[in-house]
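Observations on chain architecture
The lines below spell out each chain.
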Amino acid sequence: MKNIVLIGGHDETFMHFEGLDFNFIVLQLPESQGKNLAALTNKIHLVNDFSEITIIEEIDKILKTQSIDYIFSFTEDGLLSAARASQHYAIPGIDYETCEICICKPLMRSRLEHTEFAVASKICKTRRDVEAFFNCYPNGMVLKDPTGSGSENVFIIKDSASLLDTLERLNHENIVMLAEEFLNGREVSVETLTIDSQHRVLAITNKQLYKTSLAEEQHIISPDNLDSDTFSELSRYCERLLTAINHTHGPCHIEVTIADGKFHLIEVNNRVGGDYIGLLVELTTGVDLFRETLRFHSHEAESDTTNTQLTHYKFAGSHLFYEPLNPDMIRDYMQEVDIIRLVMGEANPPLGRPHINDDKIGLVVIASNDRKKFYTAIDHLNRLSSAS
Ligand SMILES: Nc1ncnc2c1ncn2[C@@H]1O[C@H](COP(=O)(O)OP(=O)(O)OP(=O)(O)O)[C@@H](O)[C@H]1O
Ligand SMILES: [Mg+2]
């Protein structure tokens, strides 16, 4: 049996690998151990972080007693270290150069300069740099953490008031922020899976933000998201992007705005989309992004997920809650659709800042084959959320 090392991952990730003929060795944070991981393997190595040093040290220890055939990660904070370890030991896994382009936004912008994916950007180190960039893009700019995720430290500046407000919130001693021109239009994400350099666009996800924040509130996969011509054009655009960054294996979650029939790239992540987007893809296409990525390296020749899932839904959506709601009330409103997941936690203490993705306290995932029933349920969720 081949030995595969996985670095981190939400506990749900580990459900996807049951039955694959690998010996799984998982490097995990103590607080992220869950029942799915325990069911998959007893070879769990607890680490305090996923920094490159920690991961290499741990893999050194493992290599003293056994060989490793593959190294992978399916979580944002483990990707780059997994890619580095693959490169360091010449063990197949995630390509380091491609991964770096996905994680490091300034690098992505510079690599894609002079291509159809180009977006104006500049690293800002002083208040004056930010002001100068805004003078060049007075209709709007975005300032973001160069390697951020979860929409943390992303500031949209559209006028002099928001410019001042953003500058006040930054630490003036040592700013290192990436400025980008503001990309107008409607935002969607594209979920792709590349197996052995063959790209497949599986779904387009419609995204809705929570109130006036950048925190994500709702994701919908539905044939109504885009007309079929735009879907095809966007699919080709994303395939060209994946080729441009030399992505050869695994899932990607690509964020794009669409304005006047043109596409603009926000970013590309070499992982499954967060907030249960992977589950929405599986519900609507039958493709299990996690499993398929590893299955290619296993001995199972045929895809075991594409045709075997009993239900393929036409419509699937996830709705995240930032304020608590009574789960029974949600169930009551969702009677006409299938509830795939429903989780509700406790209220957050007052935040005193805009919400970010990490502030979510609950979620529901629903699916249906009936357009009217699905969108009626979505309308209920939107009303419940905006009333809370
Ligand atoms: N140049 C831009 N123009 C318009 N909107 C933008 C731009 N950059 C970012 N945004 C908005 O801010 C959101 C978060 O930005 P970005 O994806 O770069 O950061 P992130 O921290 O990686 O977020 P996440 O991990 O949630 O995807 C985007 O989904 C988009 O709504
Ligand atoms: Mg993003």
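To be clear, the structure that these remarks concern was listed above.
A short tour of the structure in this document, coming up. (Residues numbered from 1 in each chain as written. Chains lettered and ligands numbered in written order. Predicted model: local features only at pLDDT ≥ 70, side-chain atom pairs only at ≥ 80, totals over all residues.)

Spatially, the four strands line up as an open sheet ordered 5-8-6-7, and their pairing is antiparallel. The sheet is open, and its two edges are formed by strand 5 (121-124) and strand 7 (154-157), each paired on a single side. Strand-to-strand, the axes of this sheet are offset by a mean angle of 20°, without reference to chain direction. For strand 5 and strand 8 (residues 177-181), the ladder comprises four bridges, and the chain directions are antiparallel. When the bridges of strand 8 are listed, C124 appears paired with M177. Where helix 6 (residues 127-136) meets the sheet, it contacts strand 5, strand 6 (141-144), strand 7 and strand 8, and its direction lies at approximately 160° from that of strand 5. Those strands touched by helix 7 (residues 160-169) are strand 6 and strand 7, and its axis lies near 155° from that of strand 7. (Pairing = 2+ DSSP bridges. Helix = DSSP H or I, 4+ residues; strand = E, 2+ residues; numbered from the N terminus. Axes fitted to C-alpha atoms, helices over the stretch in contact; angles between N-to-C directions. Contact = placed C-beta atoms within 7 Å.)

Read from one edge to the other, the open sheet built from eight strands follows the order 13-12-9-10-11-14-16-15, with strand pairing classed as antiparallel. Of all the strands in the sheet, just strand 13 (262-269) and strand 15 (338-344) have a single pairing partner and so form its edges. Going across the sheet, the axis of each strand differs from the next one's by a mean of 20°, ignoring polarity. As judged from the eight bridges shared by strand 9 (residues 186-195) and strand 10 (residues 198-209), these two strands associate in the antiparallel manner.

As a further point, take helix 2 (residues 52-65). In an α-helix, one full turn covers 3.6 residues, which means residues spaced three or four apart are oriented alike. Here helix 2 is 14 residues long and its end C-alpha atoms lie 21 Å apart, about the 20 Å a rise of 1.5 Å per residue gives. Summarising the contacts, the buried residues of helix 2 are in contact with strand 1 (2-7), strand 2 (22-28), strand 3 (44-46) and helix 3 (76-89). (Expected span 1.5 Å × (residues − 1).)

Let us now look at unusual backbone geometry. You will see that N246, though not glycine, has its phi angle at about 60°, which is positive. Relative to the assigned elements, N246 resides in the loop between helix 8 (228-244) and strand 12 (250-259). Of note in this structure, D260 is not a glycine but carries a positive phi near 50°. The topology assignment puts D260 in the loop between strand 12 and strand 13.

The next point concerns helix 3. Looking at helix 3, one finds that the buried residues are G78, L79, L80, S81, A82, A83, R84, A85 and S86. Trailing helix 3 by a residue or two, A90 shows a phi angle of about 55°, which is positive. (Buried ≥ 20, exposed ≤ 12 C-beta atoms within 10 Å, placed from the backbone.)

Turning next to the site of ligand 1. In the neighbourhood of ligand 1, 17 residues make up the surrounding shell, with V142, S149, S151, E180 and L183 lying closest. Contributing elements (two or more residues each) for the shell around ligand 1: strand 6 and strand 13. Here the shell around ligand 1 spans two domains, and each of domain 2 (120-181) and domain 3 (186-387) adds at least three residues to it. (Near = placed C-beta within 6 Å. Domains from an automatic or database assignment.)

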